[in-house]
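Listed below, chain by chain, are the residues.
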Amino acid sequence: MIPRVSLAILPTPIESMPHLSGHLRGPQLFIKRDDMTGLATGGNKTRKLEFLLAEAIAQKADLLITAGAIQSNHCRQVAAAAARYGLGCILVLTGKPPELPEGNFLLDHLLGAKIVFSSLEDRDRQLINVFEAQQSTGYKPYLIPYGGSNAIGGLAYADAFEEMLCQGMCPDWIVFASSSGGTQAGMVVGAKRSEFSGSVLGISVDAPEKALKDVVVPLVKQISERMGEKIGVSYDEVLVNDHYIGAGYGMMGEPEIEAIQLFARFEGIILDPVYTGRAAAGLIDLIRKGTFKNSDKVLFWHTGGLPALFAEKYQQRLTQQV
Ligand SMILES: *Cc1c(COP(=O)(O)O)cnc(C)c1O
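Residues numbered from 1 in each chain as written. Predicted model: local features only at pLDDT ≥ 70, side-chain atom pairs only at ≥ 80, totals over all residues. Heavy atoms only, no water.

### Quick word on the overall build of the protein
Condition: Working definition: helices are DSSP H or I runs of at least four residues, strands are E runs of at least two. Numbering for both runs from the N terminus. Whether a residue is buried, partly exposed or exposed follows from its accessible area with a 1.4 Å probe, protein chains only, as a fraction of its type maximum: under 20%, in between, or over 50%, in that order. By definition in these notes, contact holds between two residues if any of their heavy atoms fall within 4.5 Å. The Shrake-Rupley method, run with a 1.4 Å probe sphere, supplies the accessible areas, and residue values consider only the shown protein chains as cover. Positive charges come from Lys and Arg alone, negative charges from Asp and Glu alone, with His and the N- and C-terminal ends not counted. Taken as the charge location is NZ of Lys, CZ of Arg, CG of Asp or CD of Glu.
Helix and strand counts for the protein come out as 11 helices and 10 strands. Overall size of the protein, expressed as C-alpha extent along the three principal axes, is 60 × 50 × 35 Å. Within the protein, the proportion of its 322 residues that are buried is 56%. Restricting the contact set of the protein to residue pairs at least 6 apart, pairs at least 24 apart contribute 78%. Carbon and sulfur atoms form 54% of the exposed surface of the protein, whose accessible area is close to 13600 Å². Between the mean site of the 30 positive side-chain charges and the mean site of the 34 negative ones, the protein shows a separation of 2 Å.

### Examining unusual backbone geometry
With an omega of -5°, the peptide bond between L10 and P11 qualifies as cis. Tracing the backbone through its elements, the reader meets P11 in the segment before β1 (14-16). If you check the backbone angles, E195 has positive phi at about 50° while not being a glycine. Tracing the backbone shows E195 in the loop between α7 (182-193) and β8 (199-204).

### Side note on the pattern of salt bridges
To keep things clear, this is the line we draw: A carboxyl oxygen of Asp or Glu within 4 Å of a side-chain nitrogen of Lys or Arg is what we treat as a salt bridge.
A full pass over the atoms with the stated rule returns 19 salt bridges. In this structure, R33 and D35 form a salt bridge, with 2.9 Å as the shortest nitrogen-oxygen distance. By the burial criterion, R33 is buried, and D35 matches it. With its nearest N and O atoms 2.9 Å apart, the salt bridge here joins R193 to E229. Placement of the pair is R193 in helix α7 and E229 in the loop between α8 (209-226) and β9 (239-241), with a sequence separation of 36 residues. Residue R193 is classed as partly exposed on the basis of its relative accessible area of 34%. The exposure class assigned to E229 is partly exposed, which follows from its relative accessible area of 27%. Residues participating in the shared-partner salt-bridge network are K32, D34, R47 and E163.

### Some details on the nonpolar core
What counts, and what does not: Put simply, a nonpolar core is a bunch of buried Ala, Val, Leu, Ile, Met, Phe, Trp, Tyr and Cys residues held in one set by side-chain atoms that sit within 4.5 Å of each other.
With 59 residues, the main nonpolar core has L64, I174 and W301 as its most contacted residues. Only α2 (45-58), α3 (73-84), β4 (88-94), α6 (151-166), β7 (173-178), α7, α8 and β10 (297-302) provide two or more residues apiece to this core. Per-element accounting of this core gives the leading share, 8 residues, to α6. Ignoring sequence-local partners within four residues, the contact set of W301 consists of K32, D34, Y157, A160, F161, M164, I174, V175, F176 and M187. Core analysis: the second largest hydrophobic core is formed by 36 residues, Y244, L262, L286 and Y314 among them.

### Side note on the pairing of strand β5 (residues 114-118)
Heads up, the condition is: Strands are labelled as partners when DSSP assigns at least two bridges between them. Look down the strands so they point away from you; if the path from the first strand over the helix to the second goes clockwise, the crossover is right-handed.
Across 5 bridges, β4 lies against β5 in parallel orientation. Paired with I90 across the two strands is K114, which belongs to β5. A crossover connection joins β4 to the parallel β5 through helix α4 (residues 103-110); in handedness this β-α-β unit is right-handed.

### Structural notes on the packing of α6 against α7
Stated precisely, the cut-off is as follows: Only the stretch in contact is used when fitting a helix axis, every axis being a line fitted to C-alpha atoms; angles between N-to-C directions are given from 0 to 180 degrees. Geometric relationships in this document are graded by angle, where less than 35 degrees denotes roughly parallel, more than 145 denotes roughly antiparallel, 65 to 115 denotes roughly perpendicular, and other angles denote oblique. Helix crossings get a hand from a simple test, with the near helix turned counterclockwise from the far one by less than a right angle marking a left-handed crossing and a clockwise turn marking a right-handed one.
Where α6 contacts α7, the two axes come as close as 7 Å, and the packing angle between them is 45°. With respect to their mutual orientation, α6 and α7 come out oblique. The way α6 lies across α7 gives a crossing that is right-handed. For the pair formed by α6 and α7, the contact residues are G154, Y157, A158, F161 and E162 on the first element and G182, T183, G186, M187, V189, G190, A191 and R193 on the second.

### Points about the packing of aromatic side chains
Note the cut-off: Aromatic pairs are defined between Phe, Tyr and Trp rings, using the six-membered ring for Trp, whenever the two ring centres lie within 6.5 Å; interplanar angles under 30 degrees are classed as stacked, those over 60 as edge-to-face, and all others as tilted.
Using the criterion set out here, one finds 6 aromatic pairs in the structure. Between Y157 and W301, the ring centres sit 5.8 Å apart and the planes meet at 65°, which makes this aromatic pair edge-to-face. With Y157 in helix α6 and W301 in strand β10, this residue pair connects regions lying 144 residues apart in the sequence. Residue Y157 is classed as buried on the basis of its relative accessible area of 0%. The interplanar angle of 80° and the centroid separation of 5.0 Å between the aromatic rings of W173 and F292 together place this pair among those described as edge-to-face.

### As for the sheet that holds β4
Read from one edge to the other, the open sheet built from 4 strands follows the order β5-β4-β3-β6, with strand pairing classed as parallel. Of all strands in the sheet, those with a lone pairing partner are β5 and β6 (141-143), marking the two edges. On average, adjacent strands in this sheet sit at an angle of 25° to one another, irrespective of strand direction. α4 contacts β4 and β5 of the sheet and is inclined by roughly 140° relative to β5.

### Considering α3
As a reminder, the rule being used: To estimate the expected span of a helix, subtract one from its residue number and multiply by 1.5 Å.
The first and last C-alpha atoms of α3 sit 17 Å apart over 12 residues, in line with the 16 Å expected at 1.5 Å per residue. Of all 12 residues in α3, 10 are buried, a share of seventy percent or more. Among all positions of α3, only N73, H74, C75, R76, Q77, V78, A79, A80, A81 and A82 are buried. On its buried face, α3 sits against α2, β3 (63-69), β4 and α4. Two residues or fewer after α3 comes G86, characterised by a positive phi angle close to 70°.

By themselves, these observations are geometric and do not establish any function.
Here you go:
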């Protein structure tokens, strides 16, 4: 048994989206609600943290350190996990201190995290500085990688894939937002182990296809080794679509606004402006292009991100009609 703590409410529900399917005249759409994992508004990092926290606690760590963007969902979930387990938390956030404590950044504060700002270029150096400074004052810090995407965090999505199969869901396609690669690598391991015949398609949120595959392919091997297995994948077997990056990370455009509005109005489901809005925009475009058969079952895997909607940067534009 791989050590694991309990943080998430599992299994997350799977729901059908008949009204959105009808509106798009598309395949049978389903959604896996990892926005409902429950930890301080939930998201995909909660699953990863069940495994990462187990290692931190086994190492007798008393402080979690990680890094991300100001509106990082990952950092917010790390802060919440630290609070649950009575650990300290330092977040290295890239960018300027925001004028208003909004969205995830507000929650980071409420959850008691200590925040250090850094430029993107300086981030890795800052992380090491913070880590060493805390060590020298007697803490036992545990460093959680960007997005929680290493072999330990990635295990969670091999497990989540199995959870989906146990719920009786065997889709032809799984579509989701992919960024630091852990979610996708874990799902690929899960798919391989179960000889899944469908397609696992990551919509890249920020990285070009090749760069994301450079992360996912080796991670698949490392995750499977942790499980005591040896699973390899070729670049061709990992499906990444990088056509929806638009103006770049965190830059919400009309496709994301439309996707957020459609999911909300047809299914009462809230997406986020950075990840799931972008992945859903990709899904909608692929449906319109006729990528899927009408008889296909397509599962959109919701990975969370709700609080970012409440950052001023996005609020205003989301009310515009597209
Ligand atoms: C982090 C995140 C992702 C991407 O997951 P990775 O494992 O980093 O690829 C997708 N959606 C949301 C809401 C996230 O916070």
